[in-house]
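# Observations on the three-dimensional arrangement
What follows is each chain in one-letter form.
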Amino acid sequence: MIAVWNSRYLAVNEELSFQIRLHWVVLARLVLASAVGLVAVLALSVYAGTRHAGGHLLVTVLWLAALALFVRLAWRVLGWHRTRLMITTSRLVKVSGIIATRVQSIPLAAVTDLSYTQDPNGRLLGYGTFKLETEGDHSSDLEKLEHIPRPNRFYLLLCDSIFGSSPEPVADEY
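These lines cover the structure that appears in this document, whether it is placed above or below. Since the structure is predicted, the reported quantities are computational estimates derived from the model, not experimental observations.

The rules behind each value
- Think of each chain on its own: its residues are numbered from 1, step by step along the sequence as written.
- Local features are withheld for residues below a pLDDT of 70 in this predicted model, meaning they are given only at 70 or higher, and side-chain atom pairs are given and counted only at 80 or more; totals for whole chains, interfaces and linings count all residues.
- Hydrogens and water molecules were not included; the side-chain quantities draw on all heavy atoms of the structure.
- Only DSSP runs of H or I covering at least 4 residues are called helices, and only runs of E covering at least 2 are called strands; the numbering of each starts at the N terminus.
- Contact between two residues is taken to exist if any of their heavy atoms lie within 4.5 Å; hydrogens are not considered.
- A pair is scored as a salt bridge if a Lys or Arg side-chain nitrogen falls within 4 Å of a carboxyl oxygen belonging to Asp or Glu.
- Here's how the labels work: a residue is buried when its accessible area is under 20% of the maximum for its type, exposed when over 50%, partly exposed in between, all with a 1.4 Å probe on protein chains only.
- At least two DSSP bridges between two strands are needed for those strands to be called paired.
- The angle between two axes is taken between their N-to-C directions and runs from 0 to 180 degrees, where each axis is a line fitted to C-alpha atoms and a helix contributes only its stretch in contact.
- By this rule, a helix spans an expected 1.5 Å times one less than how many residues it contains.
- Patch criteria: residues need more than 30% relative accessible area and no salt bridge. Like-charged residues are merged within 9 Å; nonpolar side chains of Val, Leu, Ile, Met, Phe, Trp and Tyr are merged within 5 Å.
- Residue burial considers only the protein chains on display, and all accessible areas are found by Shrake-Rupley using a 1.4 Å probe.
- Within this scheme a cavity is a closed region of a 1 Å grid, computed over the protein atoms alone, that accommodates a 1.4 Å probe without allowing it to escape, whereas a pocket is open but has protein on both sides within 12 Å along at least five of seven lines; lining residues each have an atom within 4 Å of a point.
- Grid points are joined across faces, edges and corners, and a volume is the space filled by probe spheres set on the points.
- All residues other than Ala, Val, Leu, Ile, Met, Phe, Trp, Tyr, Cys, Pro, Asp, Glu, Lys and Arg, Gly among them, are scored as polar; the first ten of these are nonpolar and the last four charged.

### A look at the side chain of Ser34
- By secondary structure assignment, the location of Ser34 is in helix H2 (residues 25-51).
- Apart from the residues within four sequence positions on either side, Ser34 is in contact with Leu69 and Leu73.

### Re the pattern of salt bridges
- Scanning all chains against the criterion turns up three salt bridges.
- The partner of Asp141 in a salt bridge is Arg102, with the nearest N and O atoms 2.9 Å apart. Here Asp141, found in the loop between strand S6 (127-134) and strand S7 (144-149), pairs with Arg102, found in strand S4 (residues 102-107); they are 39 residues apart in sequence, far enough to count as distant.
- Accessibility expressed as a relative area gives 49% for Asp141, which makes it partly exposed.
- The salt bridge involving Glu146 is made with Lys144; its shortest N-O contact spans 3.6 Å.

### Quick look at the sheet that holds S4
- Pairing in this open sheet of four strands is antiparallel, and the strands run S1-S2-S3-S4 from one edge to the other. Either end of the sheet is taken by a strand with one partner, and the two such strands are strand S1 (16-20) and S4. The sheet shows a mean angle of 15° between the axes of neighbouring strands, direction not considered.
- Sheet topology places S1 next to strand S2 (residues 84-88); four bridges connect them, and they run antiparallel. What sits directly across from Leu16, in S2, is Thr88.
- Contacts from helix H5 (residues 151-163) reach S1, S2 and strand S3 (91-96) within the one sheet, and its direction differs from that of S2 by about 35°.

### Some thoughts on the pairing of S2
- By the criterion of burial, S2 is predominantly enclosed, with five of the five residues buried.
- Across the two faces of S2 the burial is the same, with Arg84, Met86 and Thr88 and Leu85 and Ile87 all buried.
- In the sheet, S2 pairs with S3 via four bridges, with the strands oriented antiparallel. Residue pairing across strands places Met86 opposite Val93, the latter belonging to S3.
- The loop that links S2 with its antiparallel partner S3 comprises two residues.

### Looking at H2
- Here H2 spans 39 Å end to end across 27 residues, near enough to the 39 Å set by a 1.5 Å rise per residue.
- Considered for burial, the residues of H2 that qualify are Val25, Leu27, Leu30, Ser34, Gly37, Val41, Ser45 and Ala48.
- Turning to H2, the residues buried within the fold contact helix H3 (56-82), helix H4 (120-125), S6 and S7.

### Considering a nonpolar patch on the surface
- A grouping of Leu38, Leu42, Val46 and Trp63 is seen on the molecular surface, where their side chains present a nonpolar patch of about 370 Å² in accessible area.
- In terms of residue count, H2 provides more of the nonpolar patch than any other element does, three residues in total.
- Relative to the elements of secondary structure, Leu42 occurs in helix H2.

### Considering the layout of surface pockets
- The space that makes up the largest pocket amounts to roughly 310 Å³.
- For the lining of the largest pocket, the secondary structure elements donating two or more residues are H2 and H3.
- If you tally residues by element for the lining of the largest pocket, the top one is H2, at five residues.
- Per-class residue counts for the lining of the largest pocket are seven nonpolar, three polar and two charged.

Everything listed here is a matter of coordinates, which is why it stays silent on function.
As structure tokens, then:
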């Protein structure tokens, strides 16, 4: 099932094979920082309220800072939600952006080598980093893809699209 949102990035004779978002871990540090900031603002507000310190201006500024943290978090979550990595019948496409949309693609025929690595955190949480080597001397942002969820499944699907048939992913990987 191809959503209308995705079909606008496909060429006439192209079909979507697979689509993913980046792993949620790209948001983890920001969520943690926002939560710590909110707890700190809440603690300072309670402290100022119980001490009757009269720091109403300070408490107001702290809550505005907490609001700014929340807006920043919401903006990043929306950016993560709008970022898609698609494998089509002929290209690898990355679409990102909230206000201005950025579309990057690389022809699958140009990929000569494909590998991925998982650091200990990636193994624990289920993400990996992919390196694609392409023919020619040019460099592309798509030659290094970080925070790809379920990297074994993605690797097999991408190999199938680039090099022809590959083994089926293990059933519990879906």
